[in-house]
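# Geometric and topological summary
Below are the chains, spelled out letter by letter.
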Amino acid sequence: MNATSTITPAVFHELESEVRSYCRSWPVVFDTARGSHLTDVDGDTYLDFFAGAGVLNYGHNNPILKKALLDYLSRDGITHSLDMHTAAKARFLRAFQDLVLSPRGLRYKVQFPGPTGTNAVESALKLARKVTGREAMVNFTNSFHGMTLGSLSVTGNSMKRNGAGMPLVHATPMPFDNYFDQTIPDFLWFERALADNGSSLNKPAAVIVETVQGEGGVNPARVEWLQALAELCKRHEILLIVDDVQMGVGRTGPFFSFEIAGIEPDIVCMSKSLSGYGLPLAMVLIRPELDQWAPGEHNGTFRGHNPAFVTGTAALEQFWSDDALERSTLAKGERVEESLTRIADKYSDAGLTPKGRGLARGLQFEQAELAAQACDQAFRRGLLVETAGPSDEVLKLLPPLTISDDELDEGLAIITESVAAVLEGA
Ligand SMILES: Cc1ncc(COP(=O)(O)O)c(C=O)c1O
């Protein structure tokens, strides 16, 4: 018996806050992980279609990133540096410029806020307000931008919003793409409200949008919708913030999820898979003319997380020197889509809808509670997969982008069986 096998979930019930959530769906104690698998303290392994909610796009403990990290640590490379100059940060910035921005013809200044997605969003909102001198924001139905108060104010989910315990102000929601099942022309209300002195809409500093809403239910915006939104923002001199915290770093195929639409947001928020290793790191990309911060005006103690710069640089060099990962993500995404479509077709009376882009995929259930039941069935069969959407009605697939075809097929077979178990009692 090894030492970890005596660990049980009891300590978490006893000592950890009631706020914990994922562990309620997966009540085991995880210990090690490699590639697309996690192993618990009892030695049971689980295939991962969750990938740390989009943090582990290159899988767990990717050996190339791990070597870069271990080399760095073993030579006493600096770990923490606030925003002091470090060699690790210099290499990361250079790699990001050379491998990501330059090849795409994008010009951005890079801000490192505190190391989480919500820090990036808070920075973006603050900067947009500072630059434009306006305080109003426009967000979209079913958006998710994080848990701090500014980010919550532009987040749709009422349960999360209620957690604020105070009014969340200065944001006006607009319908996301397809909110009215294409029965109402895109941006009809937004354009009208902007033009009408009687609408009560204060001219917004910025619009914040996810190109594919992740937590909101895996809702992809159409390319034409994103293009029309970018054009509307330009015409009305409203800044466009793309929150690429979950859908960036290749999740939908290309490095940035907005590339598909050929748009250039004024501000881009990134985090999650940026370090590639699960080490916290966040970034705000700012159109150079908008970089009007005063020194230290937005800071944070953990902006200089050098191990994250090291693994982030290794990840950029390994995965973004060519388009191999992008192509394989798109191919795997199609494989997932075919499988989900087969399931939906098989149970045509159950109202199942496959959705998504790249390797951000979902299967929406008309009867919301069945999605969680299917996830539970999947867990019993050794697969981690979570739900998303305002009523948790979507079974959400977010496998590592580096998953093998065999592993992908294994997980899809488990999902097929799990849906059958729920719908047929099989
Ligand atoms: C689109 C988006 N923005 C922001 C966040 C918040 O990131 P974090 O949880 O790291 O604060 C998330 C987290 O899921 C997200 O999906």
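Residues numbered from 1 in each chain as written. Predicted model: local features only at pLDDT ≥ 70, side-chain atom pairs only at ≥ 80, totals over all residues. Heavy atoms only, no water.

The next point concerns the overall build of the protein. What the protein contains, in helices and strands, is 14 helices and 17 strands. For the protein, the C-alpha radius of gyration of 22 Å lies close to 22 Å, the compact-globule estimate for 426 residues. In terms of its C-alpha atoms, the protein occupies a principal-axis envelope of roughly 65 × 60 × 45 Å. Within the protein, buried positions represent 52% of all 426 residues. Here the analysis covers contacts within the protein between residues at least 6 apart in sequence; of these, 74% occur between residues at least 24 apart. By element, 51% of the accessible surface of the protein is carried by carbon and sulfur atoms, the whole surface being about 18,900 Å². Where the 38 positive side-chain charges of the protein centre and where its 54 negative ones centre are 6 Å apart. (Helix = DSSP H or I, 4+ residues; strand = E, 2+ residues; numbered from the N terminus. Rg over C-alpha atoms; globule rule 2.2 N^0.38 Å. Buried < 20%, exposed > 50% of the residue type's maximum accessible area, 1.4 Å probe, protein only. Contact = heavy atoms within 4.5 Å. Areas by Shrake-Rupley, 256 points an atom, 1.4 Å probe, with all protein chains shown as cover. Lys, Arg positive; Asp, Glu negative; His and termini not counted. Charge placed at Lys NZ, Arg CZ, Asp CG, Glu CD.)

Take the environment of Cys-375 next. Locating Cys-375 in the fold gives a position in helix H13 (residues 369-380). Under the relative-accessibility criterion, Cys-375 is labelled buried at 8%.

The backbone of His-170 shows a phi angle near 70°, a positive value even though the residue is not glycine. Among the secondary structure elements, His-170 is positioned in the loop between helix H8 (158-162) and strand S6 (171-174). His-170 gets classed as partly exposed once you look at its relative accessible area, which sits at 40%. Positive phi outside glycine occurs at Phe-187, with the angle close to 65°. Structurally, the position occupied by Phe-187 is in the loop between S6 and helix H9 (188-195).

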